[in-house]
Amino acid sequence: MAPRIAITGAGGFIGQAVARALVETGFGGGVTLFDRAFGCAQPFPVVEGDLCDPHMMAEVTQWADCVIHLVALPGAAAAADPDLSESINLHLPRALIAGLAGKRMIYASSVAALGSDLGSEVNDETQPAPNSVYGKHKHLTELAFADGVRSGGLAGLAIRLPGVVARPQASAGFGSAFLSDVFHAARAGVRYTMPVAPDATSWLISASACAANLVQAALSDANEAEAVNMPALTVTIADLLAELAKAHDVSGIDYNEQPSIRQVFGSHPPLTAARGEHLGMRADSDLAALVESVLADV
């Protein structure tokens, strides 16, 4: 019998992509979308409410066989309100982990758990060293997830998401918003200033490829205690703009590098995600495919 899948944070950018991916797979089990609100019609039944409410939490954990947990307070917003981040990015997923004993969970963690002092390469042996509020809460949740799997009370995967593009324009609370905003600016042919230099490097994946990975993980029987890095392309900003220029006018895009943004979001070394690939996850095939996928959605 196909499992019943709950998507938390389903009204958000990635949640909507995951719902679309489930439709495209022809998934025959039950799906319910949970979030505070939904801005448009959805392909599955929805439940609106705050997951911090114990009644809402119970509804999720009692109904679902598997939860894809996407709820998060993004990095810049977490830095501005650490207490709120602790509530949403730490206490909430830990309650979900406890409530899903005997069930399956796909936890959307973040490469922020690795920190920003990444050395010359990142692979499955790279140890987390988070240096942001958001990254620390993500890593602490990874540890709680690992405890749940090792105790036998929980199955599933904690997956570190890279930069997922392109989020809605001017997404609030995301220090990495420029990685999405540049797509909107290119498509509209408007002026935009990148806060990093052309040689900056970032790990990117399209929303559709990210969603396909999350759905594949949910429908598999993969069960890992240690967090898994999602495969992604390591992209220079210059190469990204060159690819965008094949379809749109990017002459209005210039640069004014901010060292703090460069350090966190524009200094990514080559990424090897062998464990994620072994589990069936894939990056976009190349930069051209990533840009084509993103432009089809923005």
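Thresholds applied
Residues numbered from 1 in each chain as written. Predicted model: local features only at pLDDT ≥ 70, side-chain atom pairs only at ≥ 80, totals over all residues. Heavy atoms only, no water. Helix = DSSP H or I, 4+ residues; strand = E, 2+ residues; numbered from the N terminus. Buried < 20%, exposed > 50% of the residue type's maximum accessible area, 1.4 Å probe, protein only. Contact = heavy atoms within 4.5 Å. Areas by Shrake-Rupley, 256 points an atom, 1.4 Å probe, with all protein chains shown as cover. Lys, Arg positive; Asp, Glu negative; His and termini not counted. Charge placed at Lys NZ, Arg CZ, Asp CG, Glu CD. Pairing = 2+ DSSP bridges. Axes fitted to C-alpha atoms, helices over the stretch in contact; angles between N-to-C directions. Salt bridge = Lys/Arg side-chain N within 4 Å of Asp/Glu carboxyl O.

1. Structural notes on the overall build of the chain
Okay, so step 1: A tally of helices and strands in the chain yields 11 helices and 12 strands.
Okay, so step 2: Overall, the chain is about 55 × 40 × 35 Å in size when its C-alpha atoms are taken along their principal axes.
Okay, so step 3: Relative to its full complement of 298 residues, the chain shows a buried share of 52%.
Okay, so step 4: Taking the intrachain contacts of the chain between residues at least 6 apart in sequence as the baseline, contacts between residues at least 24 apart amount to 78%.
Okay, so step 5: If you sum the accessible surface of the chain, you get close to 12600 Å²; carbon and sulfur atoms cover 52% of it.
Okay, so step 6: Mean positive and mean negative side-chain charge positions of the chain (17 and 31 charges, respectively) differ by 3 Å.

2. A look at the pairing of strand β6 (residues 154-161)
Okay, so step 1: Most of β6 is tucked away: seven of the eight residues are buried.
Okay, so step 2: Note that strand β5 (residues 103-110) and β6 share eight bridges and pair parallel. Residue pairing in the sheet places Tyr-107 in a bridge with Ala-158 of β6.
Okay, so step 3: The sheet contact formed by β6 and strand β10 (residues 228-229) spans two bridges and is parallel. In the strand pairing of β10, Ile-159 is matched with Val-228.

3. Considerations on the sheet that holds strand β2 (residues 31-35)
Okay, so step 1: Taken in spatial order, the seven strands make up an open sheet running β3-β2-β1-β4-β5-β6-β10, and their pairing is parallel. In the strand order of this sheet, the two ends are held by β3 (46-48) and β10, each with one partner.
Okay, so step 2: Strand direction decides the pairing type here: strand β4 (residues 66-69) and β5, joined by four bridges, are parallel. Bridging from a neighbouring strand, Val-67 pairs with Met-105 of β5.
Okay, so step 3: Each of β5 and β6 touches helix α5 (residues 133-150); the most contacted strand, β5, lies at about 155° to it.

4. Section: the environment of Leu-290
Okay, so step 1: With respect to the element layout, Leu-290 can be found in helix α11 (residues 287-297).
Okay, so step 2: Judged by its relative accessible area of 0%, Leu-290 is buried.
Okay, so step 3: Separated by 83 residues in sequence, Leu-290 and Ala-207 have C-alpha atoms that sit 9.1 Å apart.

5. Here's the deal with the pattern of salt bridges
Okay, so step 1: For the structure on display, the rule yields nine salt bridges.
Okay, so step 2: Taking the shortest distance from any N to any O, the salt bridge between Arg-160 and Glu-142 comes out at 2.8 Å. You can see Arg-160 sitting in strand β6 and its partner Glu-142 sitting in helix α5, a full 18 residues away along the chain. Accessibility assignment for this pair places Arg-160 and Glu-142 in one class, buried.
Okay, so step 3: Linking Arg-191 and Asp-254 is a salt bridge whose minimum nitrogen-to-oxygen distance equals 3.3 Å. Residue Arg-191 is located in the loop between α6 (178-188) and β8 (192-194), and its partner Asp-254 is located in strand β12 (residues 253-255); the two are separated by 63 residues in the primary sequence.
Okay, so step 4: Because the salt bridges share partners, they merge into one network encompassing Asp-199, Glu-257 and Arg-262.

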